[in-house]
Amino acid sequence: MLTLEEFRATRTRVKDLAPYFGVDPDGSAPTPGFVYTQDCYLVILAGSRVERTNLGIGPKEWTTSDLGAQEERLYSSWYRLEHAGEGQVS
């Protein structure tokens, strides 16, 4: 399992998340975002002077301009839970 810093280092900005994850809210325009390791992503919201991201996990949803906080949420609320136990020696 990656550390938070290693996870952040996998960030890649993409013009459209649809080819990666099928994210296509209304089909009218590409959905930009950040892609991370192991099927993790953040949606970049258009139409704002300050870049904002959106993250939805289950019934919870967060929208913020604080990329660092959003990455921490994605890491702890999704990545770590999905990969619990990886890299542990028994």
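Residues numbered from 1 in each chain as written. Predicted model: local features only at pLDDT ≥ 70, side-chain atom pairs only at ≥ 80, totals over all residues. Heavy atoms only, no water.

(A) Expanded view of the packing of aromatic side chains. Scanning the entire structure with this criterion turns up four aromatic pairs. Note on Phe 7 and Tyr 36: the rings are 4.9 Å apart at their centroids and 10° apart in plane angle, and the pair reads as stacked. Of this pair, Phe 7 sits in helix α1 (residues 4-9) while Tyr 36 sits in strand β2 (residues 33-36), and the two are 29 residues apart along the sequence. Classification of Phe 7 by relative accessible area gives buried; the value is 0%. With centroids separated by 5.5 Å and ring planes inclined at 25°, the aromatic side chains of Tyr 75 and Tyr 79 adopt a geometry described as stacked. Within this pair, Tyr 75 and its partner Tyr 79 are both found in helix α3 (residues 67-82), separated by four residues, close to a single helical turn. A residue is classified by how much of its surface remains accessible, and Tyr 79, at 2% relative accessible area, is buried. A network of ring pairs unites the aromatic residues Phe 7, Tyr 36, Tyr 75 and Tyr 79 as a single cluster. For Arg 11, the ring lying beneath its charged end belongs to Phe 34, and the centroid distance is 5.8 Å. (Phe/Tyr/Trp six-rings, centres within 6.5 Å; stacked < 30°, edge-to-face > 60°. Helix = DSSP H or I, 4+ residues; strand = E, 2+ residues; numbered from the N terminus. Buried < 20%, exposed > 50% of the residue type's maximum accessible area, 1.4 Å probe, protein only. Lys NZ or Arg CZ within 6 Å of the ring centre and 35° of its normal.)

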